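Single-letter residue listing:
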Amino acid sequence: MGNYGIDIWSDDNFIIEDGLAKINYNCKPSLISIVKDIRKQDFKGPLLLRFPHITEKQINTLYNTFNSSIKEYDYKGTFNAVFPLKVNQLPNFIHPLIAEGKKFNYGLEAGSKAELVIAMTYNNIGSPITVNGFKDKEMIHLGFIAKSMGHNITIIIEGLNELEIIIEVLNETKMECPNIGLRVRLHSGGSGLWAKSGGINSKFGLTSTEILEAYELMEDNNLVKHLTMIHFHIGSAMNSIKPLKKALRESGHIYAELKNLGATNLNSINIGGGLAVEYNAYERTRFYSLSEFSNDVIFTLKDIAKQKGVDEPNIFTESGRFISAASTVLVAPVLELFSAEYDFEHLKLKPVNPPLIQELHDLYNDMTKKTAYEYMHDCIDHMESLLTLFDLGYIDLQDRSNAEILTHQVIKKAISLLEIDDYEELKKLDENIQEKYLLNFSLFQSLPDYWGIDQEFPIMPITHLDKKPTRSASLWDITCDSDGELPFDMKKPLYLHDVNLNKEDYFIGFFNVGAYQDTLGMKHNLFSHPTEVNIVFKDGEVVLEKVLESQKIIDILEDIDYNTDDIRAILRKSLNDHNYKDIEKYLNENSYLKTIWSYHE
Ligand SMILES: *Cc1c(COP(=O)(O)O)cnc(C)c1O
């Protein structure tokens, strides 16, 4: 894997050229040039780079692909889509999405009151809003208010009680009723990690008995005319289309039966989200193209409509991951290579050393390309024996330090000798000779799905890509939590470059992080959301828009309900002017590291 799998996961959004990761768009700037520009403004921590042009590309691809399937099958329904806000609610992402989506009438999906407020405020009037999830009376009332603003809003009920609340609100307020959708609980489940979103045991939706009851309740209350949509969502990141096809058949028949019962305004099937994104850098895990997907949807729904003699339904999708994942890249500066501590300058050999340490020294000096692998192996054995000797009290701390330094130097020398020819041999020892890279970021804040559900993300340094990466790498974040690590994995090995951070910078890019990570991320250790920037292109030039700095320490403390006046007053009282001035400065900076003391000014 010489190119970090970029041809598998990047969808041509990024390319490697002249050893640099570049954005494959417009003037094709390198990521490092953008990172340097931002760092010049004194943002030294992790950066979230957002690329609205990639969101635009995904929206265009979604609509164009479905519309061309519609044409191909001479389908009579229309294609419609909404963006599910839970996937990324942040304004820097949402504002460009709404602007770009206008030409298609691209809408928003809300799953909570706060999300519904975003949708009501910013959605283009006329573009659809769908409301999912559990709702109380206030949330349903908000839906009515959105309707009164002129929004094209559909409240999708998850249970009979929600329908009863709609009737209550209707009777109490005499407001105009929004469209009503029914989320159906399918017999067929989804696939993958999120399968519990669909299927008979799923958390959401109405059973067939409840659908019939709901229909009766609507008939009794003269509401059938508002029923417009059948909805299902079988789960996120579907790696195959098969479960979707089953769900389409099932819901297609429910749609047709309700129409035949007399639901004359029922005209849409909302197939939820779930389109997968390729996160894997080693092999493809997504086994369908968008056009296969859209052809299957159109073909299946057309078939059922024909069989049951009903109009072909309009199609709604709620794909979030597919629209947003690729738009965001996290760039984390490497602060330290662990083995940097094992530099020769720290070696303090004694006049007389334990024999094994002398042996290590000889291994280092005598190593040739031919003996490199063998010597490295011997060296690792010796090191283990030396650690045992230390535990038993036979060698002292200075000996141990010398042993560790020599071992690291033997490994480094072996790697550089073997680098080109015997790389395969070297790999057998990967786990023992890994380098640890300390990165200026919090895994809990920026890659919560890695921590929570072992979600992988493509990882690639953004420079040095014309040089062979020689170090098997594990990545550490700066939280004080041993879970804040991406350990070296023999099955999916990550190799990085052996860099001297005193002389050069090194940045690691995490790609496809635009879905779910932003607001799932948590402030473990009080590391807050990284500084983020929208990168847009104007007249062939890069423009950094909407720089949002990572939260200041004082604001983080306020967020968790400390009284910041108290904090200031207490510190003020206990400190002299000079120290207080310094602390006031720090309170107004974010909590990421600027440098590592030992290596930089
Ligand atoms: C989460 C969710 C989505 C988005 O799913 P993706 O896998 O991100 O496309 C769509 N619809 C509903 C109802 C959801 O809960």
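Residues numbered from 1 in each chain as written. Predicted model: local features only at pLDDT ≥ 70, side-chain atom pairs only at ≥ 80, totals over all residues. Heavy atoms only, no water.

Colleague: Sorry, what's going on with the packing of helix 3 (residues 52–72) against helix 10 (residues 290–308) here?
Modeller: Packed helix pairs are specified by the crossing angle of their axes together with the interaxial distance, meaning the distance between the axes. The N-to-C vectors of helix 3 and helix 10 enclose an angle of 45 degrees; their axes lie 9 Å apart at closest approach. As the angle between them shows, helix 3 and helix 10 are arranged oblique. The crossing of helix 3 and helix 10 is right-handed. Contact with helix 3, carried on its side by Thr61, Leu62, Thr65, Phe66, Ser69, Ile70 and Glu72, involves Leu290, Ser291, Phe293, Ser294, Asn295, Val297 and Ile298 of helix 10 and no other residues of that element. A per-class count over the contact of helix 3 with helix 10 returns seven nonpolar, six polar and one charged. (Axes fitted to C-alpha atoms, helices over the stretch in contact; angles between N-to-C directions. Helix = DSSP H or I, 4+ residues; strand = E, 2+ residues; numbered from the N terminus. Parallel < 35°, antiparallel > 145°, perpendicular 65-115°, else oblique. Left-handed = near helix turned anticlockwise from the far one by under 90°. Contact = heavy atoms within 4.5 Å. Nonpolar A, V, L, I, M, F, W, Y, C, P; charged D, E, K, R; others polar.)

Colleague: Which parts of the structure should I look at to understand the sheet that holds strand 9 (residues 227–231)?
Modeller: Strand pairing in a sheet is mediated by backbone hydrogen bonds. Such pairs are either parallel or antiparallel. Here we have eight strands rolled up into a closed barrel, ordered 4-5-6-7-8-9-10-11, and parallel in their pairing. Going from strand to strand, the sheet's axes swing by 25 degrees on average, the running direction of each strand aside. Relative to strand 7 (residues 152–157), strand 6 (residues 128–131) runs parallel, the two being bridged by four bridges. Looking across to strand 7, one finds that Pro128 is bridged to Asn152. (Pairing = 2+ DSSP bridges.)

Colleague: Teacher, can you tell me more about the pairing of strand 1 (residues 14–17) here?
Modeller: The side chains of a regular strand alternate, residue by residue, between the two faces of the sheet. Here strand 1 runs beside strand 2 (residues 20–23); their pairing, made up of four bridges, is antiparallel. The residue bridging Ile16 from the neighbouring strand is Ala21, located in strand 2. Hairpin geometry of strand 1 and strand 2 is characterised by an intervening segment of two residues between the two adjacent antiparallel strands and by a positive phi of about 50 degrees at Asp18.

Colleague: Explain the packing of helix 5 (residues 113–122) against helix 6 (residues 137–148) to me, please; I cannot follow it from the model alone.
Modeller: Taken N-terminus to C-terminus, the directions of helix 5 and helix 6 make an angle of 5 degrees; their axes are 10 Å apart at the nearest point. By the angle between their directions, the pair helix 5 and helix 6 is classed as roughly parallel. Residues Lys113, Leu116, Val117 and Met120 of helix 5 pack against Glu138, Met139, Leu142, Gly143, Ile145 and Ala146 of helix 6. Taken together, the residues that form the contact of helix 5 with helix 6 break down as seven nonpolar, one polar and two charged.

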